[in-house]
Amino acid sequence: MGESLQEFFVNVKSAKILVSLSNPSTDNYASDISSQVDCTYSHTVRILHKFEDRGLVDSSKEGRKKVIELTEDGREVAENLGDLMHSLKQAGN
């Protein structure tokens, strides 16, 4: 029973990826995001594709790299998830 409330209620990797995109100091490349949230690159890319399919992120090419940006809906979800994760972390302490 070692999981936190946050892990119990939220898919933590997906939530962390979305929330990290809302951080202005984050480089919005899959490789940077994956290392920031301690997730494999391939898993991060799969999650980002699902987000893009659901209209939460847009992607564009900058040279050889693909830049990921939150959509308006994505920003709203990321903000709400960030608040929820913070509340769950506080409740779990």
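Residues numbered from 1 in each chain as written. Predicted model: local features only at pLDDT ≥ 70, side-chain atom pairs only at ≥ 80, totals over all residues. Heavy atoms only, no water.

### Considerations on helix H4 (residues 41-53)
Quick note on the threshold: Each helix is a run of H or I in the DSSP string that is no shorter than four residues. Each strand is a run of E no shorter than two, and both are numbered from the N terminus. Multiplying 1.5 Å by the residue count of a helix minus one yields the expected span of that helix. The buried label applies to any residue whose accessible area, calculated with a 1.4 Å probe on protein chains only, is under 20% of its type's maximum; exposed applies above 50%, and partly exposed to all values in between. It is the directions from the helix axis to the C-beta atoms that the arc portrays. We call two residues in contact whenever any of their non-hydrogen atoms come within 4.5 Å of each other.
Helix length check: H4, at 13 residues, gives a terminal C-alpha distance of 18 Å against a target of 18 Å (1.5 Å per residue), a fit within 8%. Residues Thr44, Ile47, Leu48 and Phe51 constitute the buried set of H4. Axial view of H4: buried residues confined to an arc of 100 degrees, hence all on one face. Where the residues of H4 are buried, they touch helix H2 (12-21), helix H3 (30-36), strand E1 (57-62) and strand E2 (65-70). Two residues or fewer after H4 comes glycine 55, characterised by a positive phi angle close to 80 degrees.

### Details of the environment of serine 14
Looking at where serine 14 falls in the secondary structure, it is placed in helix H2. With relative accessibility at 18%, the residue serine 14 sits in the buried group. Taking the C-alpha atoms as reference, serine 14 lies 12 Å from leucine 56; in sequence the two are 42 residues apart. Leave out the neighbours within four places in its chain, and serine 14 touches Ile47 and Phe51.

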